[in-house]
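Spelled out, the chains give:
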Amino acid sequence: MGKRIGALEAGGTKMVLAVGTEDGTILERESLPTTAPEQVVPQMAAWFAEREVDAVGIGAFGPTAVDPASPQYGHVLDTPKPGWRGYDFLGTMRAGCDVPMGYDTDVNVACLGEATFGCARGLDSVVYLTIGTGVGAGVMVGGRLLHGMLHPEAGHILLAPLPNDPGKSVCPFHPNCLEGLAAGPSIEARWGAKGVDLADRPEVWELEAEYLGQALCDYILCYSPQKIILGGGVMKQEQLFPLVREATVRYLAGYIKTPELEDLETYIVPNSLHENQGILGCIELGRRALEK
Ligand code: ADP
Ligand code: ZN
């Protein structure tokens, strides 16, 4: 019989739970508000146990420990979210639902979803960038989701601020990081209106594309991805895509020459799974946990 895989996309405001099959079919889905962990986590474990899943894949908001060898594995780390700091997320899930579980960051699972079922299918080195309330990057290199010491925090790479930028970074840590200069709240602070209401202001998106172009240039130089996928609320401004492609190659300045960079419309692309990239990535993560 086909395996039933549980998927949990754990976000700062909501939890999305689903049951699916290994081929990426979603059978059932439910969403819960992210309340105190002592309340919501056991409830979610029971939800999966009742549905008799064979494995679960979890994509969690960061920072969180994703290295199975770490004593903190599966714990939420230094978050401002009330009650979640230090919480043993994976351990509590396992206590309530005793099946193999995969655990990674929300952006890494989104990357995995696209690499397994979406526009990056068949590729093994992919960057998935979400530009929303924050900026987060999921990175797959050689078929493996990148971890290391912690996990990439490539939303906070430092950029060269533009002299004509009328705003400033809203990141409390960095005066010139990508998230601080280009996430939704930064756009809103700089221009005094929400991104969705700035659609017909070209200067907004030209500046946004400069910062994204710098970031993508750096990701290309560091990770050598075969494709870069852009998602999140800000990227709903479709006019950004040609601007970002142009800025990225301009910042690369001809240093790298590959067929991919000759075909930018298939290299720097929107996400392709109708906002299901995270939940589908969780299914693949669960499938991999079962296989182990
Ligand atoms: P989150 O990052 O919280 O998961 P989103 O990816 O939807 O959620 O990002 C929310 C951010 O994206 C907000 O700052 C919002 O202003 C911005 N945003 C949402 N929709 C649009 C849009 N159509 N155009 C520009 N910005 C948008
Ligand atoms: Zn920052």
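Look a little higher up for the structure.
Attention in this report is confined to the structure presented alongside it. (Residues numbered from 1 in each chain as written. Chains lettered and ligands numbered in written order. Predicted model: local features only at pLDDT ≥ 70, side-chain atom pairs only at ≥ 80, totals over all residues. Heavy atoms only, no water.)

## Comments concerning the pairing of strand β3 (residues 26-33)
Okay, so step 1: Where strand β2 (residues 14-21) lies against β3, seven bridges are found, and the strand directions are antiparallel. Following the sheet pairing, Lys-14 is matched in β3 by Pro-33. (Pairing = 2+ DSSP bridges. Helix = DSSP H or I, 4+ residues; strand = E, 2+ residues; numbered from the N terminus.)

## Comments concerning the side chain of Thr-105
Okay, so step 1: Take Thr-105: it is sitting in strand β5 (residues 101-105).
Okay, so step 2: There is a polar contact of 3.0 Å between the side chain of Thr-105 and the backbone nitrogen of Asn-108. (Polar contact = N/O pair within 3.5 Å; in protein donor to acceptor, adjacent residues only side chain to side chain.)

## Remarks on the nonpolar core
Okay, so step 1: Ranked by size, the top nonpolar core spans 39 residues in total, and within it Leu-129 and Leu-230 carry the most contacts.
Okay, so step 2: Sorting elements by how many residues they give to this core places helix α6 (residues 202-223) first, with eleven residues.
Okay, so step 3: Leaving out residues up to four positions away in the same chain, Leu-230 has contacts with Leu-129, Ile-131, Leu-216, Met-235, Phe-241, Val-244, Ile-268, Val-269, Pro-270 and Asn-271.
Okay, so step 4: Residues Leu-32, Trp-47, Val-53 and Val-76 belong to the second largest nonpolar core, which totals 29 residues. (Core = buried A, V, L, I, M, F, W, Y, C linked by side-chain atoms within 4.5 Å. Buried < 20%, exposed > 50% of the residue type's maximum accessible area, 1.4 Å probe, protein only. Contact = heavy atoms within 4.5 Å.)

## As for the sheet that holds β2
Okay, so step 1: Reading across the sheet, the five strands line up as β3-β2-β1-β4-β5 and stay open at both edges, with mixed pairing between neighbours. Since the sheet does not close on itself, it has two edges, and those belong to β3 and β5, each with one partner. The sheet shows a mean angle of 15° between the axes of neighbouring strands, direction not considered.
Okay, so step 2: Relative to β2, strand β1 (residues 4-10) is paired through seven bridges, and the arrangement is antiparallel. Looking at β2, one finds that Leu-8 is bridged to Leu-17.
Okay, so step 3: Of the strands in this sheet, β1, β2, β3 and β4 (55-60) are in contact with helix α1 (residues 37-50), which crosses β2 at around 15°. (Axes fitted to C-alpha atoms, helices over the stretch in contact; angles between N-to-C directions.)

## Details of the coordination of the zinc ion (ligand 2)
Okay, so step 1: Distances from the zinc ion (ligand 2) to its protein donors, His-156 (ND1), Cys-171 (SG), His-174 (ND1) and Cys-177 (SG), fall at 2.1 to 2.4 Å.
Okay, so step 2: Bound by four donor atoms, the zinc ion (ligand 2) shows angles of 105 to 113° at the metal and therefore tetrahedral coordination geometry.
Okay, so step 3: Ordering the donors of the zinc ion (ligand 2) by residue number gives the pattern H-x14-C-x2-H-x2-C. (Donors = N, O, S within 2.8 Å, 3.2 Å for Na, K, Ca; no water. Tetrahedral: all angles 85-135°; square planar, octahedral: opposite > 155°, others 65-115°.)

## Some details on the pairing of strand β7 (residues 135-141)
Every other side chain in a regular strand lies on the same face of the sheet, so the side chains alternate between the two faces.
Okay, so step 1: With six of its seven residues buried, β7 lies for the most part within the structure.
Okay, so step 2: Bridge count for strand β6 (residues 126-131) against β7 is six bridges, and the pairing is antiparallel. Pairing of Tyr-128 across the sheet is with Gly-138, part of β7.
Okay, so step 3: The hairpin turn running from β6 into β7, its antiparallel successor, is three residues long.
Okay, so step 4: For β7 and strand β8 (residues 144-145), the ladder comprises two bridges, and the chain directions are antiparallel. Among the inter-strand pairings, Met-140 is bridged to a residue of β8, identified as Leu-145.

## Overview of the packing of helix α3 (residues 106-117) against helix α10 (residues 277-291)
Packed helix pairs are specified by the crossing angle of their axes together with the interaxial distance, meaning the distance between the axes.
Okay, so step 1: Packing of α3 against α10 brings their axes to within 7 Å, and their N-to-C directions diverge by 80°. With respect to each other, α3 and α10 are oriented roughly perpendicular. Counting all contacts with α3, which are made through Val-109, Ala-110, Leu-112, Gly-113, Glu-114, Thr-116 and Phe-117, the residues of α10 involved are Gln-277, Gly-278, Leu-280, Gly-281, Cys-282, Glu-284, Leu-285 and Arg-288.
Okay, so step 2: A per-class count over the contact of α3 with α10 returns seven nonpolar, five polar and three charged. (Parallel < 35°, antiparallel > 145°, perpendicular 65-115°, else oblique. Nonpolar A, V, L, I, M, F, W, Y, C, P; charged D, E, K, R; others polar.)

## Overview of the pattern of salt bridges
Okay, so step 1: Evaluated as defined, the whole model comprises eleven salt bridges.
Okay, so step 2: The partner of Glu-28 in a salt bridge is Arg-51, and the shortest N-O contact between them spans 2.9 Å. A residue pair is termed long-range when its members are at least 10 positions apart, and Glu-28 in strand β3 and Arg-51 in the loop between α1 and β4 qualify at 23 residues.
Okay, so step 3: Of the residues examined, Glu-28 reaches a relative accessible area of 29% and is grouped as partly exposed.
Okay, so step 4: Arg-51 gets classed as buried once you look at its relative accessible area, which sits at 18%.
Okay, so step 5: A cluster of three or more residues bridged by salt bridges with shared partners is formed by Glu-284, Arg-287, Arg-288 and Glu-291. (Salt bridge = Lys/Arg side-chain N within 4 Å of Asp/Glu carboxyl O.)

## Regarding the site of ligand 1
Okay, so step 1: Every residue close to ligand 1 is listed here: Gly-132, Thr-133, Gly-184, Pro-185, Gly-195, Val-196, Gly-232, Gly-233, Val-234, Lys-236 and Gln-237.
Okay, so step 2: In the environment of ligand 1, an oxygen atom lies 2.8 Å from a nitrogen or oxygen atom belonging to the backbone of Gly-233.
Okay, so step 3: In this structure, a nitrogen atom belonging to ligand 1 sits 2.7 Å away from a side-chain N or O atom of Gln-237.
Okay, so step 4: Compared with its free state, where it exposes 570 Å², ligand 1 has 63% of that area covered by protein.
Okay, so step 5: For the shell around ligand 1, the residue count by class is three nonpolar, seven polar and one charged. (Near = heavy atom within 4 Å. Areas by Shrake-Rupley, 256 points an atom, 1.4 Å probe, with all protein chains shown as cover.)

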